[in-house]
Amino acid sequence: MARILIGTSGWHYQSWRGPFFPDGFPIKHQLQYYASQLATTELNGVFYRTPTPAAVQSWHDQTGKDFVFAWKASKFITHWKRLSEKSANSLALMEDRLALLGDKVGPILFQLPPQFEVDTGRLRDFLPMLSARRRYSFEFRHPSWYTPEVFRLLRGANIALCLSDHHDAPAPWRRTADFVYIRGHGPGGRYKGRYSVATLEHWAKRAAGWKRAGQDVYVYFDNDQKSAAPGDALRLQAMVKAHRR
């Protein structure tokens, strides 16, 4: 049965203590509390450095059996090696860590840098390097990527175009896979500010429609300043539940 899973990009934010995490709540138990409120998170820190096996195992063990982790692929792959054949070792290392999450693995996000303009040949050569076991989404930060040819490549590989509202290159709401991946960076696409009720209601209706059509929907809020992200995630979660009635 299709699901709508809503969460935030990471959970280690000092400003969330009080507005989201209870005052005085032990930092080491923050993930457990987060998982009691939301069903998924996007692992953002793994973009900057590869976590230890012990850390990944701890994330697995601190969450319930139905919790889902999306994984933001290393910047070694997207920013330094830029989807080249030199990415093979980094992809293998990522797969090694993903295996520790077992059934809790969600989609893997590839976030490209804003200076990386469209290169359909490189994208075409990179896609076969990915494990067929996983779901993937691409977030483009340069608008030149939004072309019919790129959409065809994504559809052919069942890879989701990330529906991102980042200010560098907000994406068209175009589904290219049998699931949907949404990233909310804030109303201006700059990691701050809370979304309006009207915007969240629109997202809830679209998500409900995709779910009825049999597509899983993953939504991650990245407007982390002043605890806007968990607040918006909880509001959207409540709206989605209301649409199920």
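See above for the structure.
Residues numbered from 1 in each chain as written. Predicted model: local features only at pLDDT ≥ 70, side-chain atom pairs only at ≥ 80, totals over all residues. Heavy atoms only, no water.

### Topic: the nonpolar core
Soluble globular proteins tend to bury their nonpolar side chains together. If you look at the biggest cluster of nonpolar residues, it comprises 63 residues, and the most contacted ones within it are Trp71, Phe110, Phe138 and Phe221. Those residues in contact with phenylalanine 110, other than ones at most four positions away along the chain, are Ala73, Ile77, Thr78, Leu91, Met94, Phe126, Leu130, Tyr136, Ser137, Phe138 and Glu139. Of all hydrophobic cores here, the second largest spans 11 residues; its members include Val68, Leu109, Ala160 and Tyr220. (Core = buried A, V, L, I, M, F, W, Y, C linked by side-chain atoms within 4.5 Å. Buried < 20%, exposed > 50% of the residue type's maximum accessible area, 1.4 Å probe, protein only. Contact = heavy atoms within 4.5 Å.)

### Describing the environment of arginine 206
Among the secondary structure elements, arginine 206 is positioned in helix 7 (residues 197-212). Residue arginine 206 is classed as partly exposed on the basis of its relative accessible area of 31%. (Helix = DSSP H or I, 4+ residues; strand = E, 2+ residues; numbered from the N terminus.)

### As for the pattern of salt bridges
Should their charged atoms come close, side chains of opposite charge can pair. One pass over the full model with this rule turns up 13 salt bridges. A salt bridge links arginine 141 to glutamate 139; the shortest N-O distance between them is 3.3 Å. With relative accessibility at 5%, the residue arginine 141 sits in the buried group. You can call glutamate 139 buried: its relative accessible area is 0%. (Salt bridge = Lys/Arg side-chain N within 4 Å of Asp/Glu carboxyl O.)

### Considering unusual backbone geometry
Although it is not a glycine, arginine 82 sits at a positive phi angle of roughly 50°. One can find arginine 82 in the loop between helix 3 (75-80) and helix 4 (88-101). Its relative accessible area of 27% is what places arginine 82 among the partly exposed residues. Residue leucine 83 is not a glycine yet carries a positive backbone phi of 65°. Within the element layout of this structure, leucine 83 appears in the loop between helix 3 and helix 4. By relative accessible area, which is 2% here, leucine 83 ends up buried.

### Quick notes on the pairing of strand 8 (residues 179-184)
With six of its six residues buried, strand 8 lies for the most part within the structure. Here strand 8 shows two buried faces, one formed by Phe179, Tyr181 and Arg183 and the other by Val180, Ile182 and Gly184. Where strand 7 (residues 163-164) lies against strand 8, two bridges are found, and the strand directions are parallel. In the sheet register, serine 164 faces strand 8, and the bridge partner there is arginine 183. As for the winding sense of the linkage, the β-α-β connection from strand 8 through helix 7 to strand 9 (residues 216-221) is right-handed. (Pairing = 2+ DSSP bridges. Right-handed = clockwise from strand over helix to strand, strands pointing away.)

### Brief notes about the packing of helix 2 (residues 53-61) against helix 4
The N-to-C vectors of helix 2 and helix 4 enclose an angle of 30°; their axes lie 8 Å apart at closest approach. For the element pair helix 2 / helix 4, the angle class is roughly parallel. In the crossing of helix 2 with helix 4, the sense of the turn from one axis to the other is right-handed. Between helix 2, through Pro53, Val56, Gln57 and His60, and helix 4, the contact on the second element is made entirely by Arg97, Leu100 and Leu101. Tallied by class, the residues present in the contact of helix 2 with helix 4 amount to four nonpolar, two polar and one charged. (Axes fitted to C-alpha atoms, helices over the stretch in contact; angles between N-to-C directions. Parallel < 35°, antiparallel > 145°, perpendicular 65-115°, else oblique. Left-handed = near helix turned anticlockwise from the far one by under 90°. Nonpolar A, V, L, I, M, F, W, Y, C, P; charged D, E, K, R; others polar.)

### What to know about the pairing of strand 1 (residues 4-9)
Burial analysis of strand 1 places six of its six residues in the buried class, which makes it a mostly covered element. Pairing of strand 1 with strand 9 involves five bridges; the strand directions are parallel. The residue of strand 9 that forms the bridge with threonine 8 is phenylalanine 221. Strand direction decides the pairing type here: strand 1 and strand 2 (residues 40-43), joined by three bridges, are parallel. The partner of serine 9 across the bridge, within strand 2, is glutamate 42. In this fold, strand 1 hands off to helix 1 (residues 30-37), which returns the chain to strand 2; that crossover is right-handed.

### Thoughts on the packing of aromatic side chains
The geometry of an aromatic ring pair is captured by two quantities: the separation of the ring centres and the angle between the planes. Enumeration according to the criterion identifies 30 aromatic pairs in this entry. Taking 5.8 Å as the distance between ring centres and 20° as the angle between the ring planes, the aromatic pair formed by tryptophan 173 and tryptophan 210 counts as stacked. A residue pair is termed long-range when its members are at least 10 positions apart, and tryptophan 173 in the loop between strand 7 and strand 8 and tryptophan 210 in helix 7 qualify at 37 residues. Measuring from ring centre to ring centre gives 5.3 Å for tyrosine 181 and tyrosine 220, while their planes differ by 40°; the resulting arrangement is tilted. Within this pair, whereas tyrosine 181 is found in strand 8, its partner tyrosine 220 is found in strand 9, the two being separated by 39 residues in sequence. In this pair, the class of tyrosine 181 matches that of tyrosine 220, namely buried. Among the aromatic residues, those joined into a ring-pair cluster are Trp11, Tyr13, Trp16, Phe20, Phe21, Phe25, Tyr33, Tyr34, Trp59, Phe67 and Phe69. (Phe/Tyr/Trp six-rings, centres within 6.5 Å; stacked < 30°, edge-to-face > 60°.)

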